[in-house]
Amino acid sequence: MPDATAPAVHRPFGAVLTAMATPFTADGALDVAAAQALAQRLVDEGNDGLVVAGTTGESPTLAEHEHDALLAAVVEAVGSRAHVIAGCGNNDTDHTLRRARAAERTGVDGLLVVTPYYNKPPQEGLFRHFSAVADSTGLPVMLYDIPGRTGTAISNEVLLRLAEHPRVVAVKDAKDDLFASSQVMAAAGGEGGLAYYSGSDQLNLAHLAQGAAGVVSVVGHVAAGPYAAMVAAVDAGDLPAARAIHTRLLPAVTAIMTRTQGAIMVKAALELTGAIPNRHVRLPLVEATDEQVEQLSSDLRGADLL
């Protein structure tokens, strides 16, 4: 039976956020107009937040002026209707601080800061890096824990230390360690605490069921409405309804997140749905093949999304 007495969930950045793809023109230039149109469509479809210039947005290939132009354009398009979060992390603290300050000037609502990658800093280095970023602006920070890409996980101890910083308010969890995330939520969650967001579409339901605030999704490009319904069902204590949505979306999650890099497949999905004019990506990524798009189309139909 749904639990009408469950406490409200602390959601500093909303409940359903999409890690937005960055549209490019056919010749590879940043397509600002298409980015604004995509942002508006994503919010219209049920996202109450967007992460812009993150990994799915191909941030490693964006020049600094493109980062700034993209962020400012999305803020202009949807900033009055949704949280706009700027991806600004890399593996150099000084560079990350410059990007954070530049992002703040564009009017974004918060920062997504990834664990420094490749150089594998020790845990004390992670603590000092994230603390320096949180100190550098007046914006709230969402930590991004994704050791499969960065090579280094943020330890529970460091997450709990960082949770004491007034501007470190959330974690995008792509560590895929549900026990570890539940431990941190138990110790540092609650109203005003460290809010967890699922960063792995494969585990969205599992994260929500154990107390996550919401999702930062790639599949949300085509499934924001269903994910909003899933969050509402979990909030209401209606796990069967949430599980039914999860099951329905499995073909889409499989298609977008498991067959090749997610940014490649989500751009193909956006082209299929008419949300962007092409599926162009920048090297070292390569466009989805016609065979991949054919399979993707079948899978999206199987999830009732096309």
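Just so it is clear, the model here is predicted, and its values are computed rather than measured. (Residues numbered from 1 in each chain as written. Predicted model: local features only at pLDDT ≥ 70, side-chain atom pairs only at ≥ 80, totals over all residues. Heavy atoms only, no water.)

Trainee: Looking at this structure, I do not really get the pairing of strand β7 (residues 195-198). What am I missing?
Mentor: Because side chains alternate across β7, one face comprises the buried residues A195 and Y197, and the other comprises Y196 and S198, equally buried. Strand direction decides the pairing type here: strand β6 (residues 168-173) and β7, joined by four bridges, are parallel. Considered in β7, the bridge of A170 is made with A195. Between β6 and its parallel partner β7, the chain crosses via helix α7 (residues 178-188), and the hand of that crossover is right-handed. Here β7 runs beside strand β8 (residues 214-217); their pairing, made up of two bridges, is parallel. Bridge pairing in β8 places S198 opposite V215. With helix α8 (residues 204-209) bridging β7 and the parallel β8, this β-α-β connection has right-handed handedness. (Buried < 20%, exposed > 50% of the residue type's maximum accessible area, 1.4 Å probe, protein only. Helix = DSSP H or I, 4+ residues; strand = E, 2+ residues; numbered from the N terminus. Pairing = 2+ DSSP bridges. Right-handed = clockwise from strand over helix to strand, strands pointing away.)

Trainee: Looking at this structure, I do not really get the environment of Y117. What am I missing?
Mentor: In this structure, Y117 sits in the loop between β4 (110-114) and α4 (123-136). Given a relative accessible area of 32%, Y117 falls into the partly exposed group. Distance from Y117 to R101, taken between C-alpha atoms, is 20 Å for residues 16 residues apart in sequence. Sequence-distant contacts of Y117, that is, excluding residues within four places in its chain, are made with G89, N90, N91, R149 and T150. (Contact = heavy atoms within 4.5 Å.)

Trainee: Looking at this structure, how should I read the UniProt feature "binding site: pyruvate" (unreviewed entry) in the chain?
Mentor: Residues given the UniProt feature "binding site: pyruvate" (unreviewed entry) here are T56 and V216. Taken together, the annotated residues stretch across 161 residues yet fold into one region, lying no more than 10.9 Å apart by C-alpha. Structurally, T56 is set in the loop between β2 (49-52) and α2 (64-78). T56 sits in the buried class, given a relative accessible area of 12%. With residues up to four places along the chain from it excluded, the contact list for T56 reads A19, M20, A21, T22, V218, H221, A263 and V266. (UniProt positions renumbered as here; feature names shortened; annotations may be inferred.)

Trainee: Honestly, the pattern of salt bridges in this entry has me stumped. Any pointers?
Mentor: Pairs can form between side chains of opposite charge once their charged atoms are near each other. Summed over all chains, the structure comprises 14 salt bridges. Between D299 and R259 there is a salt bridge, with the nearest N and O atoms lying 2.4 Å from each other. Taken together, the residues span a long stretch of sequence, with D299 in helix α12 (residues 290-302) and R259 in the loop between α10 (239-257) and α11 (262-272) at a distance of 40 residues. Judged by its relative accessible area of 42%, R259 falls in the partly exposed class. Residues joined by salt bridges that share partners form a network here, namely E64, D68 and R99. (Salt bridge = Lys/Arg side-chain N within 4 Å of Asp/Glu carboxyl O.)

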